[in-house]
Structure formats: C-alpha cells, structure tokens
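Letter by letter, the chains look like this.
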Amino acid sequence: MSLANVGPSTWNMDKARQVTDHVGGVDKENNAMPNGGNATTKAPAAKPKPELSPTWMFNSALISSPVDLSSLVTLSLEDPSAILNEVGLLNKMVDKVLNAKNSKRVDKDTRLDVLQILANVATTEDEMEKEKVRKVLAGVGEWFEKYMESQELSPSRHGKRVEPELHKSMLKVLCRAYDYALKTDDLLELTGGDRRLALESVVGLLEDGEEVVMEVVQRAAAKPGQRAQWEQRATSVRHEKPLVVQLCHLLLGFTRADTYFSSLDEGFYYMEAGLELPEYTIDQFSVEMDSLLHISMSSKLIETLAKAMNGALFSNGRVLEPADHKAVCAVHGFLQNLYLYATDGTEELRNYLLSDTLLVPHMVLPYLERCVYHAAVMSRRAQANKDALGDFAGFADLPEVAGLVEEVSDLSLDYPELVQGIESTLRTLIILSFRAPRTRLMFQLLHRFNPTPSLLRMKSFVARHDYIFSLLLLLNVNMGAFDMNGEDGEGEYEQEDDEHPAFLAYAMLHEVSTVHQLMDADGQRRVLRRVEMSGALPVSRDTPSYAALLGILWGGGGAALDSVLYGEANANNGSEPVFVSDEEDEDEEEREEMEEEENLAIAWREGGTPLRGVPLR
C-alpha cells in the first residue's frame, strides 16, 4: 500500500478539529472552556455616540416655534468655554434672536435666554474670551434697544410698569463683561435717561439675589430597547459678590450731582465749558432727590439692600476685603446723600431707616463687629512692632529714636478702606439716632450693642484716627450715653443693666478722657471743632450729654467727671458748663496738696486725728 494513498479517517478528522478548537481555547461543539467553564459570546463594542456641538444645538433649536434655548443655557452655565470656542456662534445668537424682528418665533423669553447665555459666558476669567463677549455686544442693533423700550419703558394695560427683565439681564451682562466697572452714566444711557427705570433695574437685581435658570437634566438612564428620559428643572444661582458690590456703587451714582448734571444736555454743555450751572438745574436736582427718596421708601429698596449686603459680606466668617469696605461706603453714601440733598421727607426717612427696616441688625452692627475685630488685630500688631523696635540697638532713650519707633509702629494702624467704612457707618448712625424715641426697638438694640466701648478699647487706633473719635462722640451725644442723671431731653430712660446709668456714663466718659489725652494738640483741636461746629450731621446740643462731653474736651478731665458725678455742680445743670483749663487744674491740685500738708502738720503737733482720713505716721 502506497503511503500516498493513505488518508485520515473520518474519526481522526473530527478529533483533529476538536483538538484544534481546544488549543484555541473554546470547544465550539459543546460551547465549553478547556477547564469546563461556559464561554459567553461577546457582542461587538458599540461605537461612542458623537457629542452634539453647541452650533448644532442652536440650529436645531431654531426649527422649533417658539425657539427654545434651554439646553444652551445649561451648557453655558456648566461649560462656558464650549460656547466661546464655537466660531461665530454668539454673533449668530445676536443676529438670529436679539436683532430678529419676528416676535412669534422669537419671543421675550427666548431673548432673555440669549442674554442669560451672554451673562454666563462673561464670567470667564480669560481676558481674550471676555473681549469676544464685548465685541458681540457691540453688534446689538438699535432695533433691540427700541424693543426693550417698547416692552418695559411704557406702562402696562393696568397702568403699572412691568418688571424690567430685559434691562436687568442686559445690566448683568454689561457688569460682567466690563469687569464690574460700570458707571451710573452708562446705566442711564441704557435706559434712555429714565432714572426711575434704571433704579428699578438695580433694585430688581438686588431683590432677586439670585438668578433662576432652566437646565436640562437626565431623569433616567437608557435601558436595553428604551431611550433615556430628560427633563427641565429650575436651578437658582446666587449672584456673585462683585456683582452686588457693583450694584451698590451704581446706587451711589444716582445721588451724585455730577451724574445728574452730566445726563442733561445743558448740564453737559455747562460742565464741559467750565461755566456755572443755571439755577433751575440745581432746583431740579433737589426735585429728583425728593422723588428718589420717595421711591426708596415705597419700593423697600433699603430693606432689600440690607439683606443683599448681609448675604454677600457676612454669610461667611472671612475677613472683609477692601472692595467690601468700599461697597459699605457706597451704601451709606447713598443713604446720607438722600438725607442731605432732599428737601422734603428727611424726617420720615430717619424714622423709616431706624424703625421700619433691618438696616441696623443686618448691616450696621455686623459690619462694625467685623471692623472691631480687625482693629484689635491691627492694635496688637502695632504693639508688637513697638516692642520689637523698643531697644533699637541701645538708642531707645533718645527722643528722636523714640519718636521714630512710635511713627513706624503706628503705620500698622493705617487701613484706609477700613477707616472709611467705619466713618461712613458712624455718620449713618448719627443721622438715625438724632431725636430718636427711646422706646423704639431698634434704638434699644443699638443702645445695648453700642460699638463705642469696643472701639475705645483700641485706644491707639482711635487716637490715631481723630475723625472716628469725633463721630463716636457725636453718636453717643445723640444716644444720651454721657448723661449721668438718667435723663436726656425726653424723660427717664430705663436701663436693663444692673449698674446705674450714672456709673455707665461715668465709665464711658472716663474712656473718652483717656483716649483724648493720648492725642496730640492738633488732634484735640480738630475733635473739639467738629463737636462744636459740625453742621452737616444732626447733633443734640441741648442735652446734658453734650454739656458733659464739652467738659472733657475743654480740659476738665477727671475733676469735671467727679464734680458732675458727685453732685457738686448740680446747680449748673442745664446751663452753660464751666470749663477748667490745664493751668487752672494744676494750680488747684497744688493748693489741695499744700492744704493737706498743713493739716497733717497741725494734726501732728496737736496729737489729733488728721483731716481727710489720712493716718498719722
């Protein structure tokens, strides 16, 4: 038998195929692994679904009527760069939506969505990307400006102005796009010179406190043979602190005369030419301030402002930044300008601020508490610097070196923004406390949490900033804190403390006298001039507190305090105080010492008991 004619049998061929399959790892006939396990056939890997580009999302949204841009609003909130990197997308949004004249397919809500997208992408920190937003805003046409005017400038059917949603959104976009450096003139230009509409836009943003956006979220994931489920949800995003600070500065601009005059054609001409303004424009400014005061009280602007500032500045325990102090100064400047420039309703404004708003507990007291803490840190730092420089290589005894050490260490007490914030807050408190009824709840709260004792503990800080010291004195005069008789113009004021009011007033005046003695002669003269001649701020100068304070400032010192406390000068109560100079006080002390020595000598010779309770030795 030839070997060439010999072939494998059928059984051998089947066995060979099984062996080959076992070597490959799978028994195809029995679908079994070599070790006896079952094998599962893997499905081919699915290709990843391509992500939808923002341009595709916008083009698909244009098909619907009205246009729905909720998905793009969500994307701009989560990933602003995805929209900014799409070439020409923002310009297309402005052309196809904001500048579109078809109000059926593109309604007001759609335009608000585009403004919301622009506001979200404007929060980027990249200056190049923010410049893109500014260029896109330059493409907004005059038609859209007229559209905003027609929608929100004219009264509604019921005779009431509608909520300026478009102006609020545009204001938010401009603030973020221009790095929160917008001016009130720019806002008035946006509203066509309508000051009431501009003020309502600012108040509306502050009142909202947050922006509500519609985002698309996945409710259920996709299952085999089913699709994923998506839904729209309302999400609130709190306004950032720089935006709140910007709105405070815009409010201050409403009460500034230069802002009002520059918005007028004739006022701009006169200011540019350097000529004196006509008298009728000044009278018109007073009328505008009266209207602004009425709007502020009727729209609960101050209440809204206090809540917004409390949430933006005091919701966390962080130290306030310079921008925070400037925002506080802007708010108090707005309130003080209303009081100073308005010709009608100032008395109602004072009562409203103290009794009908939460300005004191929400903004004034928390801010002063933070400032007191910061001032204490600065005082300890100044004392540490003074101790470190005290030796100064053995030359500390020289007067020049001692003065240099004092000057260098006191530099730690300088913080211009902090000082200005305390000064503006105290000026507002002086206005609120003038002739205020002692039975008002807010007055009693302010009396109980009087910031004066806490500030006077930082004697070096207060002595260095004499204007703060002057304002503290005027505030306590209006509050009757220096009255040792328990009465101050409006009857007896009941104290809830265990100590007698006279002792509390004595302790307060003693601290005032101590700080006053730490000041140099020029600082003392400035304080006395402000207390006696301050005309811009209302001061109760016909009260016993004012008389007791002048006794300290004119050099009476501890002798004046003792005379008032122990009743030796009760005959002069209510009349002009008798002031004692430093030289007369020193002469009086020398005479008392000489009389005491003579009494001791007489008692020693006669063997009797010495006078004034001084024991013999």
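Since this is a predicted model, take the numbers as computed values, not measurements. (Residues numbered from 1 in each chain as written. Predicted model: local features only at pLDDT ≥ 70, side-chain atom pairs only at ≥ 80, totals over all residues. Heavy atoms only, no water.)

Caption draft 1: View of the overall build of the protein. Of the regular secondary structure elements, the protein holds 30 helices and two strands. Scored against the burial criterion, the 617 residues of the protein give a buried share of 42%. The long-range share in the protein, meaning contacts at least 24 apart out of those at least 6 apart in sequence, stands at 72%. Entry remark: accessible area of the protein is about 34500 Å², with carbon and sulfur atoms responsible for 51%. (Helix = DSSP H or I, 4+ residues; strand = E, 2+ residues; numbered from the N terminus. Buried < 20%, exposed > 50% of the residue type's maximum accessible area, 1.4 Å probe, protein only. Contact = heavy atoms within 4.5 Å. Areas by Shrake-Rupley, 256 points an atom, 1.4 Å probe, with all protein chains shown as cover.)

Caption draft 2: Examining the packing of helix H9 (residues 165-177) against helix H12 (residues 241-254) more closely. Running from N to C, H9 and H12 point in directions that differ by 105 degrees, and their axes come no closer than 11 Å. The pairing of H9 with H12 is recorded here as roughly perpendicular in orientation. On the side of H9, the interface is formed by Leu 171, Lys 172, Cys 175 and Arg 176, while H12 contributes Leu 243, Gln 246, Leu 247 and Leu 250. A class-by-class count of the residues in the contact of H9 with H12 yields five nonpolar, one polar and two charged. (Axes fitted to C-alpha atoms, helices over the stretch in contact; angles between N-to-C directions. Parallel < 35°, antiparallel > 145°, perpendicular 65-115°, else oblique. Nonpolar A, V, L, I, M, F, W, Y, C, P; charged D, E, K, R; others polar.)

Caption draft 3: Focus on the pattern of salt bridges. All told, the structure shown has 18 salt bridges when counted by the stated rule. Between Glu 240 and Arg 176 there is a salt bridge whose closest N-O contact spans 2.8 Å. Taken together, the residues span a long stretch of sequence, with Glu 240 in the loop between strand E2 (229-238) and H12 and Arg 176 in helix H9 at a distance of 64 residues. Per residue, the accessibility class of Glu 240 equals that of Arg 176, and both read buried. Between Glu 200 and Arg 196 there is a salt bridge, with the nearest N and O atoms lying 3.4 Å from each other. Of the two residues, Glu 200 and Arg 196 are both situated in helix H11 (residues 195-208); the distance of four residues between them amounts to about one turn of the helix. Residue Glu 200 is classed as partly exposed on the basis of its relative accessible area, which comes to 22%. Among the ionic contacts, a cluster of salt bridges with common partners joins Glu 127, Lys 130, Glu 131, Arg 134 and Asp 179. (Salt bridge = Lys/Arg side-chain N within 4 Å of Asp/Glu carboxyl O.)

Caption draft 4: Quick look at the environment of Ser 76. Tracing the chain through its elements places Ser 76 in helix H3 (residues 70-78). Judged by its relative accessible area of 1%, Ser 76 is buried. Placed 41 residues apart in sequence, Ser 76 and Ile 117 show a C-alpha to C-alpha distance of 5.8 Å. Excluding residues within four positions of it along the chain, Ser 76 makes contact with Ile 83, Ile 117, Asn 120 and Val 121. One polar contact links the side chain of Ser 76 to the main-chain carbonyl oxygen of Val 73, over a distance of 2.7 Å. (Polar contact = N/O pair within 3.5 Å; in protein donor to acceptor, adjacent residues only side chain to side chain.)

Caption draft 5: Expanded view of the side chain of His 167. Along the chain, His 167 falls in helix H9. If we ignore the near neighbours within four places in the chain, the residues touching His 167 are Met 148, Glu 152, Leu 190, Thr 191, Leu 197 and Ser 201.

Caption draft 6: Spatial organisation of the environment of Ser 545. Looking at the element boundaries, Ser 545 is found in helix H28 (residues 544-553). Looking at Ser 545, the relative accessible area reads 0%, which means it is buried. Considered as a pair, Ser 545 and Ala 505 are 40 residues apart in the sequence and their alpha carbons are 9.0 Å apart. A polar side-chain atom of Ser 545 sits 3.4 Å from the main-chain amide nitrogen of Phe 482.

Caption draft 7: Representation of a negative patch on the surface within the structure. A contiguous patch of negative charge on the surface is contributed by Glu 142, Glu 145, Asp 185, Asp 186 and Glu 189. Elements supplying a minimum of two residues to the negative patch: helix H8 (142-152) and helix H10 (184-190). No other element matches H10, which puts three residues into the negative patch. The topology assignment puts Glu 189 in helix H10. (Patch = residues over 30% accessible without salt bridge, like charges linked within 9 Å, V, L, I, M, F, W, Y side chains within 5 Å. Lys, Arg positive; Asp, Glu negative; His and termini not counted. Charge placed at Lys NZ, Arg CZ, Asp CG, Glu CD.)

Caption draft 8: H28, seen in detail. Counting buried residues along H28, eight of its ten residues qualify, which places the element largely inside the surrounding structure. Every buried residue of H28 is accounted for by Ser 545, Tyr 546, Ala 548, Leu 549, Leu 550, Gly 551, Ile 552 and Leu 553. Where H28 ends, the next residue or the one after it, Gly 555, has phi of about 105 degrees, a positive value.

Caption draft 9: Geometry of unusual backbone geometry. Despite not being glycine, Tyr 180 shows a phi value in the positive range, around 55 degrees. Even without being glycine, Lys 300 reaches a positive phi, approximately 55 degrees. When you line up the elements, Lys 300 lands in the loop between helix H15 (279-298) and helix H16 (301-313). Classification of Lys 300 by relative accessible area gives exposed; the value is 56%.

Treat this as a map of the structure, not an account of what it does.
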